[in-house]
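Secondary and tertiary structure notes
Chain residues, written in single-letter form:
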Amino acid sequence: MADHNDRTPNIPGQRQEHPAANFPPPSGPSLEEREPRMAALREWWDDAWDDGGFLHDRWEDLRQAPELGWHSMANWVKAALGLAGICAVIILLDTATDVLADSIRSLLTAVPHVQVGADTSTGVFAVVDQPIRSYIATHSALLPISASTVYTVWQAVGLFGLVGGFLRSSGARLTWTAFGACSIAMVYSAAPADGRTIATGLAVLAWTAASAFALRGLTLRPAFFTHIHNAGHQIEPHIHLPAPAAPPAEETPDNVHPLQKR
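Residues numbered from 1 in each chain as written. Predicted model: local features only at pLDDT ≥ 70, side-chain atom pairs only at ≥ 80, totals over all residues. Heavy atoms only, no water.

Notes on the overall build of the protein chain
- Regarding its fold elements, the protein chain presents seven helices and zero strands.
- Mapped in sequence order, the helices and strands of the protein chain form the string α-α-α-α-α-α-α.
- Counting all 262 residues of the protein chain, 19% fall into the buried class.
- Here the contacts in the protein chain between residues at least 6 apart in sequence split such that 42% fall between residues at least 24 apart.
- Carbon and sulfur atoms make up 64% of the accessible area of the protein chain, which totals about 22,000 Å². (Helix = DSSP H or I, 4+ residues; strand = E, 2+ residues; numbered from the N terminus. Buried < 20%, exposed > 50% of the residue type's maximum accessible area, 1.4 Å probe, protein only. Contact = heavy atoms within 4.5 Å. Areas by Shrake-Rupley, 256 points an atom, 1.4 Å probe, with all protein chains shown as cover.)

Regarding the packing of aromatic side chains
- With the rule as written, the count across this model stands at four aromatic pairs.
- Seen from their ring centres, Y151 and W154 are 5.8 Å apart, and the 25 degrees between their planes marks the pair as stacked. Linking Y151 with W154, this pair stays in helix α5 (residues 147-166), spanning three residues, or about one helical turn. Considered together, Y151 and W154 belong to a single accessibility category, that of buried residues.
- Ring plane angle 35 degrees and centroid distance 5.0 Å describe the contact between W154 and F179, whose orientation is recorded as tilted. (Phe/Tyr/Trp six-rings, centres within 6.5 Å; stacked < 30°, edge-to-face > 60°.)

A look at the side chain of R133
- Tracing the backbone through its elements, the reader meets R133 in helix α4 (residues 124-139).
- Under the relative-accessibility criterion, R133 is labelled buried at 13%.
- Of note is the side chain of R133, whose polar atom sits 2.8 Å from the side chain of D129. (Polar contact = N/O pair within 3.5 Å; in protein donor to acceptor, adjacent residues only side chain to side chain.)

Looking at the pattern of salt bridges
- This model, assessed by the stated rule, comprises three salt bridges.
- One salt bridge in this structure joins D61 and R58, with 3.4 Å as the shortest N-O distance. Taken as a pair, D61 and R58 lie in helix α2 (residues 54-68) at a separation of three residues, close to a single helical turn.
- Classification of R58 by relative accessible area gives partly exposed; the value is 27%.
- For R133, the salt bridge identified is with D129, shortest N-O distance 2.8 Å. Here D129 and R133 lie together in helix α4, a separation of four residues that amounts to about one turn. (Salt bridge = Lys/Arg side-chain N within 4 Å of Asp/Glu carboxyl O.)

A short note on the environment of R216
- Residue position: R216 is located in the segment after α7 (196-214).
- Separated by 51 residues in sequence, R216 and G165 place their C-alpha atoms 7.6 Å apart.
- Excluding anything up to four places from it in sequence, R216 contacts F166, R168, R173 and S211.

Observations concerning a nonpolar patch on the surface
- A cluster of nonpolar side chains, contributed by M38, L41, W44, W45, W49, W59, L62 and W76, occupies part of the molecular surface with about 900 Å² of accessible area.
- Every element with two or more residues in the nonpolar patch is listed here: α1 (31-49) and α2.
- With five residues, α1 is the largest single contributor of residues to the nonpolar patch. (Patch = residues over 30% accessible without salt bridge, like charges linked within 9 Å, V, L, I, M, F, W, Y side chains within 5 Å.)

Some thoughts on the nonpolar core
- Within the largest apolar cluster, 16 residues are counted, with the highest numbers of intra-cluster contacts made by V128, I132, I136, W154, M186, V187 and A203.
- Contributions of two or more residues to this core are made by α4, α5, α6 (170-190) and α7.
- Of the residues forming this core, the biggest block, five residues, is contributed by α6.
- Leave out the neighbours within four places in its chain, and W154 touches I132, I136, F179, S183 and M186. (Core = buried A, V, L, I, M, F, W, Y, C linked by side-chain atoms within 4.5 Å.)

Looking at the side chain of T152
- Here T152 lies in helix α5.
- Within the local environment of T152, its side chain forms a polar contact with the backbone oxygen of S148, the two atoms lying 2.8 Å apart.

Things to note about the packing of α4 against α5
- Running from N to C, α4 and α5 cross one another at 135 degrees; their axes reach a closest spacing of 9 Å. The angle between the axes of α4 and α5 places the two elements in the oblique class. As for the relative orientation of α4 and α5, their crossing is right-handed in sense. Residues D129, I132, R133, I136 and A137 of α4 lie in contact with α5, whose contacting residues are A147, V150, Y151 and W154.
- Within the contact of α4 with α5, the residues separate by chemical class into seven nonpolar, no polar and two charged. (Axes fitted to C-alpha atoms, helices over the stretch in contact; angles between N-to-C directions. Parallel < 35°, antiparallel > 145°, perpendicular 65-115°, else oblique. Left-handed = near helix turned anticlockwise from the far one by under 90°. Nonpolar A, V, L, I, M, F, W, Y, C, P; charged D, E, K, R; others polar.)

That's the geometry; what it means functionally is another story.
Here it is as structure tokens:
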């Protein structure tokens, strides 16, 4: 039986080879090869910071930018500042969008629920508002948002069209026109059959009266534009040379006679 405790005897004076000695040396530049590279890098760094070097000129552009102002500073400084400003605006808009979306969601879910036939308004306003509530509650059952949210959006769109139209915004006036047409159509569809004509007429009159504010300054008269072209004064230089005057008769010499035909 072989003895498992057999070991290679350690003979004095004999060199023992370690298994790691058979591994290849690590790859990569040696110390002698790295030193010239570091020297070249240090030389480039020194040259770049000397007068006229790349880094020296860029530092001068940054140092002189506050004194030169926006129009006179280096173009690359303008590009860097513009890029930084755009990134900052994007970050702020992203944050503001999240906050605004949460606020609108909270506002839309905080309104009371719209119910069919619920008498939540009184007076003349109920003639127009109650059919609109009933129409929205009836036709929004399969929507991913509640009827109260739809009703709140409808009110917000109307307020936007009224205020924006008063401020002479063309887009807001188009929104106000579409808002009025949709409101009249909802009143006509959801109002009771016996009072449908009166409810629709009151809705038209209410929207027309409110349009005096939303469409102020808007006229249906055709505009005529007359262009009057005034020709400027034209200067035409003329040079007039006077004819030479004839010499007096007494100054005519005696030896000058006119030609005569013989």
